[in-house]
Amino acid sequence: YTAVNDKVGQLFEAALLALRHLAAVHAVDSSVPLTSRELRDLATLEGQIVDVLTAQAKDPVFWWHGPKWMIIGKLKGIFRADVLSRLHALAGPEGAEGKLNRYGEEAVATLAKAGEPASKTAIDLAVIGAKVPAIGLAVGDAECGGEQGCDVAGMLAAIRAASKQPAHLLVLPCETEALKNIRTSLHSGSDKKLFVSFVVNGNLSEQGPQVVVAKVIASLKLLGLESFDLLWLPYDSFKKRMWPHTKEMLTLMFEQKIIARYGVHAPARSAVLAKKLLDRQPAPAAWLTPHDVVLPAAPEALEAARNLSVAPVALPRYAGAPGAVARLYLQTAAGESSSDQQAAAIRWTLAQGLALTLRPGPSAAAAPGLVSALGGFAAEGPSPLTGAATRILDALGVASDLAPAAPAQPTAAAAAAPPVDELRDALQRGRHAISQARVDVVAQVAQDAPVATDRPSAAEAEPGVGAATLRGLDEQAQTYKRNNYVIYRENFFDEATWAAIVEETKRLWKSKDMDPNCNLDGKNRLGGYILDHNHRNTSLYRLIYGNEQFRRWVSAVNGEGDVWPSDFPIELREYGRDSQGMGCHPDLQMYAVAKKDLEFAVTVDNDSKCQVTFYDAQRKVHKVNTKANSVMMVRANAAEHCVSPTEGGSRQILKFIYVGDYRKSDTFWQYTGNECGDENPNRRMMELRREPDSDHHTHSSILEL
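Residues numbered from 1 in each chain as written. Predicted model: local features only at pLDDT ≥ 70, side-chain atom pairs only at ≥ 80, totals over all residues. Heavy atoms only, no water.

Chemist: What am I meant to see in helix α4 (residues 81-91) here?
Modeler: Because each turn of an α-helix spans 3.6 residues, side chains separated by three or four positions in sequence point in the same direction. Considered for burial, the residues of α4 that qualify are V83, L87 and L90. One side of α4 holds all its buried residues, which, seen down the axis, span an arc of 65 degrees. For α4, the exposed residues lying more than 90 degrees away from the buried face are A81 and H88. (Buried < 20%, exposed > 50% of the residue type's maximum accessible area, 1.4 Å probe, protein only. Helix = DSSP H or I, 4+ residues; strand = E, 2+ residues; numbered from the N terminus. Arc of directions from axis to C-beta.)

Right under this line is the structure:
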């Protein structure tokens, strides 16, 4: 699950870097044809990606098919053929007339290998490694799982030779087999001064201190150790409700000599959050923070840690260079050799005063490269990178920073700056251009004419909504507020989009592209979560989650800033002929911010007497017999609503969520499991309905036999 989440994060990160580098080119070269509308789309897309990545630092992206459809659609629109053609011309040898060639690898690499070091002071490994050895090795299932084992001892020996310090072995959360393989490798070496730390899985702390202690003791036995030099505890251990229990647990493990010290394993992008995490008693010895050339730790957070005498330790998020863009920057800073690039990344991290851990990853070929990089580091001594190489790698952090862009204006000095500094200036100016392009969503709807609705099919153009849906948005927002944050709209989608939605729902009932919802009984409510295994233009994720006009309507009516498709799957549900409906309830809060957590019911068809009842802000009752192509939007924890019996007819709906903040509430995780056997009545009913020429209306009575 973590591995999948990491790869999804890399995809979103690559999209963010692509957008910001395009904006940088646009800021310095007027020949790149980005219109005002495209800049506004770019700004909206940047906001969504930043929010996904910010939330992902704490919680995994659960169902990434929702966010991906809107991101893919917007990327295709922004990086259209003429833009790509111009970028290729500027980047290639024939682009000498433009500015982009000034950032070319040859020019910048020449600067990187010349000039003075960034600092005349050598990297002081003794200071950096005072509490935790300056260089370590991080291993887990990826490195040591499986039958092939792993050469931990060999890499630790190379680290010890390069740093002239005890080596640090950081054990990531992993399965029993990996722990046994690590033990085998350690016992084959002769390192008696090894510093070993252990990372507690984030899920364990929620299960209680006893579970954590049991896991730590079991891991020590599997590794053949008596104690850990340091135990890394996850973010959840430091929440207010958990900290008293965490303190008791630490006291117990200190007294029984299970651990010598503890550290905090959590991201902190500001000094305030770093102080909140680290300023406590008993005091942590160290802070394990995500840090690499794409997403470095925030300088102000590092300073806060040092002021509290807490040693920051860098943990790269991935093995090797974190993505193609990072490899290009490292290649520019250090040359073609992968070991030289790894050595440059090591020096760059140590020069910032962080101890570091290296992640070899699952490839056996990666280990020799790391050993070679460490050998090069040892041969050259702990000298910092050249100033130009340091500024190249620092510039990448400007492009990847998740914090809001600082104001940046072109300066006379920037125009005459060498390519290295002009690159950073261009990235800053590009980010400023994105921030300036952001407008209120109601103004955006007014400025950007909707796509024509007389299309032959939704597969031939972007999905949309009816023209009337986007009129009177201020009035619709007022109605929504008066109704205690619920609104019902008919004739919502444009004809082509709606026709595609109806056809796709018909296909889904006969397909295996739905996972039956184990919480439904197959009688009162029937249906399941829609899968998205194949890239289809008729996918409901494209038609609804990839629908920019729909997103704008939701954002404008809700009135709490931009919202985007959630990372929770779409559900197709039916209230059959014998359905008793659903009792009165407000919608559960699935995401962290209730006013940005919005649930929808799109009625696909309805030939029943079923009514949806809701209570407005004055507790006035409203009853609606929802029609096909209608949308009902309800904010979490807001209007109470109910569904009446169908009385012989049936009502078919799509349920889904849009959010303005991807961080999760605790409730979210209660709905991520969906496992049940063939005896589940909803699963049985779904199987029956899938049969060719089946009359699904008779199946509920069959299930009662």
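Chemist: Any chance you could explain the nonpolar core here in plain terms?
Modeler: In a soluble, globular protein the nonpolar side chains are often hidden away together inside. Core analysis: the biggest nonpolar cluster contains 82 residues, and V152, L169 and I182 have the highest contact counts within it. Residue contributions to this core peak at six residues, all from helix α8 (residues 152-163). If we ignore the near neighbours within four places in the chain, the residues touching L169 are L137, V139, V152, L156, I182, L186, L194, F195, V196 and S197. Core analysis: the next-biggest nonpolar cluster, separate from the first, contains 44 residues, M70, L470, I501 and A556 among them. (Core = buried A, V, L, I, M, F, W, Y, C linked by side-chain atoms within 4.5 Å. Contact = heavy atoms within 4.5 Å.)

Chemist: I would appreciate a short explanation of the sheet that holds strand β3 (residues 195-199) in the present structure.
Modeler: Spatially, eight strands are ordered β1-β2-β3-β4-β5-β6-β7-β8 in a closed barrel, and the strand pairing comes out parallel. Each adjacent strand pair in this sheet contributes to an overall mean axis angle of 30 degrees, direction not counted. Relative to strand β6 (residues 286-290), strand β5 (residues 259-265) runs parallel, the two sharing three bridges. Its bridge partner being in β6, G263 is matched across the sheet by A286. (Pairing = 2+ DSSP bridges. Axes fitted to C-alpha atoms, helices over the stretch in contact; angles between N-to-C directions.)

Chemist: I tried to follow the side chain of Q589 on my own but got confused; where do I start?
Modeler: Relative to the helices and strands, Q589 resides in the loop between β14 (582-585) and β15 (597-606). Those residues within four positions of Q589 in sequence are excluded, and the remaining contacts are A594, D597, A636, N637, S665 and T667.

Chemist: Could you clarify how one ought to interpret a negative patch on the surface in this entry?
Modeler: Where like charges cluster on the molecular surface, the negative patch consists of D141, E147, E175 and E177. Summarising the element assignment, E147 is placed in the loop between α7 (141-144) and α8. (Patch = residues over 30% accessible without salt bridge, like charges linked within 9 Å, V, L, I, M, F, W, Y side chains within 5 Å. Areas by Shrake-Rupley, 256 points an atom, 1.4 Å probe, with all protein chains shown as cover. Salt bridge = Lys/Arg side-chain N within 4 Å of Asp/Glu carboxyl O. Lys, Arg positive; Asp, Glu negative; His and termini not counted. Charge placed at Lys NZ, Arg CZ, Asp CG, Glu CD.)

Chemist: What should I look at first to understand the state of the cysteines in this one?
Modeler: In protein structure, a disulfide is the covalent linkage between the sulfur atoms of two cysteines. Tallied over the full model, the rule gives three disulfides. Along the protein, the cysteines that take part in disulfide bonds pair up as 1-2, 3-6, 4-5, counted in sequence order. With no disulfide of its own, C174 lies 7.6 Å from the sulfur of C144, the closest cysteine sulfur. (Disulfide = S-S within 2.5 Å.)

Chemist: Explain unusual backbone geometry here, please?
Modeler: As a rule of thumb, non-glycine residues mostly have phi less than zero, and peptide bonds are mostly trans rather than cis. Cis geometry marks the peptide bond from Q281 to P282; its omega dihedral reads 0 degrees. Its place among the elements puts P282 in the loop between α12 (271-278) and β6. The backbone phi angle of K257 is positive, close to 55 degrees, even though this residue is not glycine. Here K257 lies in the loop between α11 (243-255) and β5. Even without being a glycine, E647 presents a positive backbone phi close to 55 degrees.

Chemist: How should I be thinking about the packing of helix α14 (residues 324-334) against helix α15 (residues 338-351) in this particular structure?
Modeler: The description of two helices packed together rests on the angle between their axes and the distance between the axes. The interhelical angle for the contact between α14 and α15, taken along N-to-C directions, is 90 degrees, at an axis separation of 9 Å. As far as their axial angle goes, α15 and α14 are roughly perpendicular. For the pair α14 and α15, contact is made by R327, L330, Q331 and A334 and by D340, Q341, A344 and A345, respectively. For the contact of α14 with α15, a count of residues per class yields four nonpolar, two polar and two charged. (Parallel < 35°, antiparallel > 145°, perpendicular 65-115°, else oblique. Nonpolar A, V, L, I, M, F, W, Y, C, P; charged D, E, K, R; others polar.)

Chemist: Explain the packing of aromatic side chains to me, please; I cannot follow it from the model alone.
Modeler: One pair of aromatic rings is described through two measures. These are the centre distance and the angle between the planes. In this structure the tally under the stated criterion is 28 aromatic pairs. When the ring of F492 is compared with that of W553, the centres are 4.7 Å apart and the planes differ by 85 degrees; the resulting orientation is edge-to-face. Taken together, the residues span a long stretch of sequence, with F492 in the loop between β9 (486-489) and α22 (495-510) and W553 in helix α24 (residues 548-558) at a distance of 61 residues. As far as the burial class goes, F492 and W553 line up, both buried. Ring geometry for F550 and Y658: centres 5.2 Å apart, planes at 70 degrees, overall edge-to-face. Highlighted residues: F550 in helix α24 and Y658 in strand β20 (residues 651-659), separated in sequence by 108 residues. One exposure class covers both F550 and Y658, and it is buried. (Phe/Tyr/Trp six-rings, centres within 6.5 Å; stacked < 30°, edge-to-face > 60°.)

Chemist: Quick question: what am I supposed to make of the pairing of strand β18 (residues 630-635) here?
Modeler: On any regular strand, side chains alternate: one points to one face of the sheet, the next to the other face. For β18, the tally of buried residues reaches six of six residues, placing the bulk of the element in the interior. Residues S630, M632 and V634 line one face of β18 and the alternating positions V631, M633 and R635 line the opposite face, and both faces are buried. In this structure, β15 lies alongside β18, joined through six bridges in antiparallel fashion. By the bridge assignment, T603 is partnered in β18 with S630.

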